[in-house]
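Structural description and commentary
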Amino acid sequence: MAAPSSVNVAATGELTVPDVRERFGRWLGEHADTLAPFTELPTDVEGVFATLSRLQRLLYEAGWIRLGWPEELGGLGGTVALRGVVSEELAAAGYPPPFSFGTQEVLGPAVARFAPPELSSQALPRLLRGEETWCQGFSEPGAGSDLGSLRMRAVDEGDHWRVNGEKVWTSWAQYADRCLLLTRTGTPESAHRGITALFVDMDTPGITVRPLVAMTGEADFCSLFFDDVMVPKDRTVGEVDGGWAVAMFILSCERGVAAWQRQAWMRWRLGTLVADAPELSDARTGEAFELVHALRLLSRRTLRSLSDGEPLGVRPSFDKLLMSTAEKYLFDAALEAMPDTLLFGDDDPARDWRNDYLYSRASSIYGGAAEIQRNIIAEHVLGLPRE
Ligand SMILES: Cc1cc2nc3c(=O)[nH]c(=O)nc-3n(C[C@H](O)[C@H](O)[C@H](O)COP(=O)(O)OP(=O)(O)OC[C@H]3O[C@@H](n4cnc5c(N)ncnc54)[C@H](O)[C@@H]3O)c2cc1C
């Protein structure tokens, strides 16, 4: 497929949010024919991956996906808000987020902020161009919500770390080129104080990836086994024993900017629900709209704070909680309005509805379970006691 002619977004000087909204919207309209194949995705993960990587490449070559990233890291400069507009306009026009959009917004900012400059300037452009994908190696059997108890060990061997242990629920690790890995470098009792983040090539000898089939029928995530994996010291992200700061930053991105992208997608999905299910009650439609819109307002505030470089505090916990509430409500409404389609349909739209319904169940688990967000809000906002 020919790439759409490049829009020289860099030559326009300082772009504002309304500029990008208008110009990107126009560009999407002008390239609707080229982009049409991306409105209908294959139903298998592998096909989706390949298709969305192509979409990512097109958007990169036209410059859009580089907005809001520093120039020294392959971007075109400007604030985080520009990234938010691009993802929102893309969703509003009915296109899916390119595959690494989620990774970009979750792991990209941490690599930009915490990795040594030689590493981030080499790795981030490759992510933006869609040349590689990354995965997030945090959770372990026995260390999910209680991340501070993780056990994967990294032992100092001079110019390398020797890594041993296991990770689980690592999304799309079977396709990933790199992993942002949390390891224990302190004593077993050091909890969150003895964790170090490493950026690991997934083809390093000693790594075994075992895909896990989810209830969607697809291997959405994997178990990872590390057996004497040697990781060069220059792949350390952040301070040695300072990985907790990296992890918390990543989780705030996952609960913050990634929630913005999700709400953009949910707004579009609500439109398709109304179109596909005319019998959907007004009350259901209204409430789903309210929830998605409330998420949009909350998430927009987070995006603005990020753009202004303000600390986020506990705000991403509100965003994440509302995101999972809205997403579950939306797909509960879909199931109620189209039970036959969701349960028994076997054409592509029916499979999409079913997959999205099933995946929506996970929205209150990944990125930090809903109960954990409630705990954070209870302790830090309401001042309730920890126990
Ligand atoms: C679709 C999906 C994709 C994922 N992708 C990734 C990934 O790419 N990388 C990665 O590292 N992980 C990933 N995860 C894992 C995810 O981060 C964990 O599932 C999550 O942190 C919860 O941990 P857990 O599964 O160990 O459950 P647990 O922590 O064992 O929790 C079980 C239940 O107990 C509740 N609970 C636990 N502690 C408390 C408490 N203190 N107070 C109240 N309730 C509590 C939880 O809310 C939950 O309901 C993914 C998960 C899903 C579902």
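Residues numbered from 1 in each chain as written. Predicted model: local features only at pLDDT ≥ 70, side-chain atom pairs only at ≥ 80, totals over all residues. Heavy atoms only, no water.

1. Here's the deal with the overall build of the protein
Here is the rule: Each helix corresponds to a stretch of at least 4 residues labelled H or I by DSSP, and each strand to a stretch of at least 2 residues labelled E; elements are numbered beginning at the N terminus. C-alpha atoms define the radius of gyration in this analysis, and the globule rule sets the expected value at 2.2 Å times the number of residues to the power 0.38. Per-residue and other accessible areas follow the Shrake-Rupley method at a 1.4 Å probe size, with only the shown protein chains counted as cover for residues. His residues and chain termini do not enter the charge count, which takes Lys and Arg as positive and Asp and Glu as negative. Where a charge lies is defined by one atom per residue type, namely NZ (Lys), CZ (Arg), CG (Asp) and CD (Glu).
Across its full length, the protein holds 14 helices and 8 strands. Against the globule reference of 21 Å for 387 residues, the protein gives a C-alpha radius of gyration of 21 Å, in line with a compact fold. When its C-alpha atoms are laid out on the principal axes, the protein stretches across 60 × 50 × 40 Å. When the accessible surface of the protein is split by element, carbon and sulfur atoms take 53% of a total near 17,200 Å². In the protein, the 37 positive side-chain charges and the 55 negative ones have mean positions that sit 4 Å from each other.

2. Re a nonpolar patch on the surface
Quick reminder of the rule: For patch detection, residues must exceed 30% relative accessible area and be free of salt bridges, and they are connected within 9 Å for like charges or within 5 Å for nonpolar side chains (Val, Leu, Ile, Met, Phe, Trp, Tyr). Criterion for a salt bridge: a side-chain nitrogen of Lys or Arg within 4 Å of a carboxyl oxygen of Asp or Glu. Burial classes: relative accessible area under 20% of the type maximum marks a residue as buried, over 50% as exposed, and values in between as partly exposed (1.4 Å probe, protein chains only).
Taken together, the side chains of Phe318, Val381, Leu382 and Leu384 define a hydrophobic patch exposed on the protein surface, amounting to about 360 Å² of accessible area. Structurally, leucine 384 is set in the segment after α14 (370–380). Exposure remark for leucine 384: the relative accessible area of 45% places this residue in the partly exposed category.

3. Here's the deal with the site of the ligand
Heads up, the condition is: The rule for a residue being near a molecule or strand is that one of its heavy atoms must lie within 4 Å of it. Pairs of N or O atoms within 3.5 Å make up the polar contacts considered here, provided that, within protein, one atom can donate a hydrogen while the other can accept it, and that residues adjacent in sequence are counted only when both atoms are side-chain atoms.
Lining the immediate surroundings of the ligand are 17 residues, of which Gln136, Ser139, Ser145, Trp169 and Glu371 lie closest. Between the ligand and serine 139 there is a distance of 2.7 Å, counted from an oxygen atom to a backbone nitrogen or oxygen. Between the ligand and the protein, one listed contact pairs an oxygen atom with a side-chain N or O atom of serine 145 at 2.6 Å. Alone, the ligand offers 970 Å² of accessible surface; in the complex the protein occludes 64% of this. Those elements that place two or more of their residues in the shell around the ligand are β3 (160–171) and α14.

4. Structural notes on the layout of surface pockets
Our working definition: Two kinds of site are reported from a 1 Å grid over the protein atoms alone, namely cavities, where a 1.4 Å probe fits but cannot get out, and pockets, open sets with protein on both sides within 12 Å along at least five of seven lines, and residues are called lining when an atom falls within 4 Å of a point. Grid points are joined across faces, edges and corners, and a volume is the space filled by probe spheres set on the points.
Within this model, the second largest pocket holds a volume of roughly 220 Å³. As for the second largest pocket, its lining consists of 14 residues, and the residues nearest its centre are Val17, Ala81, Arg300, Leu303 and Arg304. Of all the secondary-structure elements, those providing two or more residues to the lining of the second largest pocket are α1 (17–30), α4 (80–92) and α10 (282–307). Element by element, the count of residues in the lining of the second largest pocket is highest for α10, at 5 residues.

5. A short note on the environment of leucine 73
Filter applied, for reference: Residues count as neighbours in contact if any of their non-hydrogen atoms are within 4.5 Å of one another.
Counting through the fold element by element, leucine 73 comes out in the loop between α3 (45–61) and α4. C-alpha separation for the pair leucine 73 and arginine 126, spaced 53 residues apart in sequence, amounts to 9.5 Å. Ignoring anything within four residues of it in the chain, the contact list for leucine 73 reads Ala112, Ser120, Ser121, Leu124, Pro125 and Leu128.

6. Details of unusual backbone geometry
Glycine aside, negative phi is the norm for most residues, and most peptide bonds take the trans geometry. Despite not being glycine, aspartate 228 shows a phi value in the positive range, around 50 degrees. Within the secondary structure, aspartate 228 sits in strand β7 (residues 221–232). Take aspartate 228: its relative accessible area is 40%, and that puts it in the partly exposed class. Phi at aspartate 241 is positive, roughly 65 degrees, even though this residue is not glycine. The topology assignment puts aspartate 241 in the loop between β8 (236–237) and α8 (243–255). For aspartate 241, a relative accessible area of 34% puts it in the partly exposed group.

7. As for α14
As a reminder, the rule being used: The arc in question is traced by the directions running from the helix axis to the C-beta atoms.
Among the residues of α14, those classed as buried are Ala370, Gln373, Ile377 and Ala378. Buried residues in α14, looked at end-on, bunch into an arc of 135 degrees, giving them a common side. Within α14, the exposed residues directed more than 90 degrees away from the buried face are Glu371 and His380. Tucked into the core, α14 has its buried residues touching α8 and α11 (315–337).

8. With respect to the environment of glutamate 379
Looking at the secondary structure, you find glutamate 379 in helix α14. Taking C-alpha positions, glutamate 379 is 23 Å from serine 190, a pair spaced 189 residues apart along the chain. Once residues within four sequence positions are removed from consideration, glutamate 379 is found in contact with Leu384 and Arg386.

9. Some words on the domain arrangement of the protein
Note the threshold: Note that the domain bounds were set by an automatic or database domain assignment. A simple way to read buried area is as the amount of 1.4 Å-probe accessible surface that goes missing from two parts once joined, with both sides added. The residue classification treats Ala, Val, Leu, Ile, Met, Phe, Trp, Tyr, Cys and Pro as nonpolar and Asp, Glu, Lys and Arg as charged. All others, Gly included, are polar.
Split by domain assignment, the protein resolves into domain 1 (10–98), domain 2 (134–243) and domain 3 (256–380). In this structure, domain 1 and domain 2 have C-alpha centres spaced 30 Å apart. Contact residues are listed per partner, giving 5 residues for domain 1 and 4 residues for domain 2. Ranking the residues of domain 1 by area buried against domain 2 places Val45, Glu46 and Phe49 at the top, with a combined share of 88%. The interface formed by domain 1 and domain 2 holds 0 salt bridges in total. A class-by-class count of the residues in the side of domain 1 that touches domain 2 yields 2 nonpolar, 1 polar and 2 charged.

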